[in-house]
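Single-letter residue listing:
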Amino acid sequence: MSLHSAPLPAPSARSIQAESTPGSIPHLEAGTGHWRIRDRVMALDRPVVMGILNVTPDSFSDGGRFLDLDDAVRRAREMAVQGADLIDLGGESTRPGSAEVSADEEAARVVPVLRALRDALDLPLSVDTRKATVAREALAAGAQVVNDVSGLADEGMADAVAPSGAGLVLMHMRGTPATMQGLTDYADVVEDVAAELSVSLARADAAGIARERVVLDPGIGFAKTAEQNLQLIASLRRLEARLGRPVLLGASRKAFIGALLGGVPAAERDAGTVGACVAGLARGARLFRVHDVRGARQALDVAWAVLRIPERAP
Ligand code: HH2
């Protein structure tokens, strides 16, 4: 199947209204819609912060730190106090070049943590997985969101998510983490990502997943060059306008930030991450997946308070 041939849905009226004129930062409207995740409706009238919790030995920035159940719960509580709106739990690293983990292994990593978090926290829980069987087990253990970095590549994923009522993050990528960095040939990265995401959206539609349950993600660092990542962050409003759903930005500690800052390692990219988040907010992102919840929360709330005010001509 060609990923380029799907028709794009018409842009929403609100999105069109929010399009900026080149060179200006448009003011951000309050009430930019909502996201339905099982029995909750998350209002997107201020930036939503998704705290990252990787229970993997090999994630590129926090691998091996939260493998112990108590450590994972402690970190999730900490992120809740720091202002996370939801926690995204991952059991498989998808960093460039990473090897795939079996579904059994991945489920064994995330399900006990999900159960413990469900009892310990009153925050929605998201599971970051590409596998339908892991999603099913995670949903049964109390996850309210499935974050699928492959955009429903697993044939069974849409049907696993549909009956649960869970929210769904559809991220753009090409190939697999092992092959994706060789798949960065785009005619126009923003248009091509929009077209390929619309294929994922069509799969969700076909399975009966209501649009209000879906948010979209351009997949920063997944089959993208550093320059393409910047182009996408600069054009998030266009992505939202093309596809009619809110956009989540996952730039946290990624390599393009290191490259912009003279090669600083992942552990030293939190201020750069804040810069990417605020730039993304100004260009239309409404949800932000980050490691450093405290920094992102503070920066996004302050930026939001300012950017909501219409710019007035002198
Ligand atoms: N990035 C990563 C993992 N999951 N999900 C969404 N929706 N968007 C992203 O940009 C995204 C994601 C990779 O980052 P991380 O989880 O920190 O690392 P690793 O894959 O090595 O566990």
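Here, the structure is the one placed above.
Criteria and cut-off values
- Residues numbered from 1 in each chain as written.
- Predicted model: local features only at pLDDT ≥ 70, side-chain atom pairs only at ≥ 80, totals over all residues.
- Heavy atoms only, no water.
- Core = buried A, V, L, I, M, F, W, Y, C linked by side-chain atoms within 4.5 Å.
- Buried < 20%, exposed > 50% of the residue type's maximum accessible area, 1.4 Å probe, protein only.
- Helix = DSSP H or I, 4+ residues; strand = E, 2+ residues; numbered from the N terminus.
- Contact = heavy atoms within 4.5 Å.
- Near = heavy atom within 4 Å.
- Polar contact = N/O pair within 3.5 Å; in protein donor to acceptor, adjacent residues only side chain to side chain.
- Areas by Shrake-Rupley, 256 points an atom, 1.4 Å probe, with all protein chains shown as cover.
- Nonpolar A, V, L, I, M, F, W, Y, C, P; charged D, E, K, R; others polar.
- Salt bridge = Lys/Arg side-chain N within 4 Å of Asp/Glu carboxyl O.
- Pairing = 2+ DSSP bridges.
- Axes fitted to C-alpha atoms, helices over the stretch in contact; angles between N-to-C directions.
- Expected span 1.5 Å × (residues − 1).

It is worth spelling out the nonpolar core at this point. Most often, soluble globular proteins have nonpolar side chains that are buried together. Ranked by size, the top nonpolar core spans 79 residues in total, and within it Leu53 and Leu168 carry the most contacts. The element contributing the most residues to this core is helix α6 (residues 189-206), with seven residues. In contact with leucine 168, other than residues within four places in its own chain, are Trp35, Val146, Leu152, Val161, Ala204, Ile209, Arg213, Val214 and Val215. If you look at the next biggest cluster of nonpolar residues, it comprises 12 residues, including Met42, Met50, Leu86 and Val145.

Let us now look at the site of the ligand. Not every one of the 17 residues close to the ligand is listed here, only the nearest: Ser59, Ser93, Thr94, Asp217 and Lys254. Separating an oxygen atom of the ligand from a backbone N or O atom of arginine 95 is a distance of 3.4 Å. Contact distances for the ligand include 2.8 Å between an oxygen atom and a side-chain N or O atom of arginine 289. With the chains in place, 99% of the 480 Å² that the ligand exposes on its own is no longer accessible. Partitioning the shell around the ligand into residue classes produces five nonpolar, seven polar and five charged.

Position of asparagine 147 among the secondary structure elements: in strand β6 (residues 145-148). Overall, asparagine 147 belongs to the buried group, its relative accessible area being 4%. Reaching out from asparagine 147, the side chain makes a polar contact with the side chain of aspartate 88 at a distance of 3.0 Å. Excluding residues within four positions of it along the chain, asparagine 147 makes contact with Asp88, Ser126, Val127, Asp128, Thr129, Val169 and Arg289.

This part covers the pattern of salt bridges. Across all of its chains, the model carries 21 salt bridges by this definition. In this structure, the salt-bridge partner of arginine 46 is aspartate 85, at a minimum N-O distance of 3.4 Å. Within this pair, whereas arginine 46 is found in the loop between β2 (40-43) and β3 (48-54), its partner aspartate 85 is found in the loop between α2 (69-81) and β4 (86-90), the two being separated by 39 residues in sequence. A single network of salt bridges, built from pairs that share partners, joins Arg46, Asp85, Arg297 and Asp301.

Moving on: unusual backbone geometry. The backbone phi angle of leucine 152 is positive, close to 70°, even though this residue is not glycine. Among the structural elements, leucine 152 can be located in the loop between β6 and α5 (157-161). Of note in this structure, alanine 223 is not a glycine but carries a positive phi near 60°. Counting through the fold element by element, alanine 223 comes out in the loop between β8 (214-217) and α7 (226-234).

Time to look at the environment of arginine 242. The topology assignment puts arginine 242 in helix α8 (residues 236-243). Its relative accessible area of 26% is what places arginine 242 among the partly exposed residues. Taking the C-alpha atoms as reference points, arginine 242 and alanine 195, 47 residues apart in sequence, are found 8.8 Å from one another. In this structure the side chain of arginine 242 is engaged in a polar contact, spanning 2.8 Å, whose partner is the side chain of glutamate 191.

This part covers the pairing of strand β10 (residues 287-290). Here β10 shows no split at all, with Leu287 and Arg289 on one side and Phe288 and Val290 on the other all buried. Pairing geometry for β3 and β10, over four bridges, is parallel. Pairing of valine 49 across the sheet is with phenylalanine 288, part of β10. Bridge analysis of strand β9 (residues 248-249) against β10 gives two bridges, and the strand direction is parallel.

Turning next to the sheet that holds β10. Across the sheet, which stays open at both edges, the eight strands sit in the order β8-β7-β6-β5-β4-β3-β10-β9 with parallel pairing between neighbours. Edge positions in the sheet fall to β8 and β9, since each has one partner strand and no second. Here β3 runs beside β4; their pairing, made up of five bridges, is parallel. The residue of β4 that forms the bridge with leucine 53 is leucine 89. Lying over the sheet, α6 contacts β7 (167-171) and β8, oriented at roughly 150° with respect to β7. Contacts from helix α10 (residues 270-282) reach β9 and β10 within the one sheet, and its direction differs from that of β10 by about 170°.

Another point: helix α3 (residues 103-120). Given a rise of 1.5 Å per residue, 18 residues ought to cover 26 Å, and the 25 Å separating the end C-alpha atoms of α3 matches this to within 8%. For α3, the set of buried residues is Glu106, Ala107, Arg109, Val110, Val111, Val113, Leu114 and Leu117. Contacts from the buried residues of α3 go to β3, α2, β4, β5 (125-128) and α4 (132-140).

Quick look at the environment of glycine 83 now. Counting through the fold element by element, glycine 83 comes out in the loop between α2 and β4. You can call glycine 83 buried: its relative accessible area is 19%. Along the primary structure glycine 83 and arginine 294 are separated by 211 residues, whereas in three dimensions their C-alpha atoms are 6.6 Å apart.

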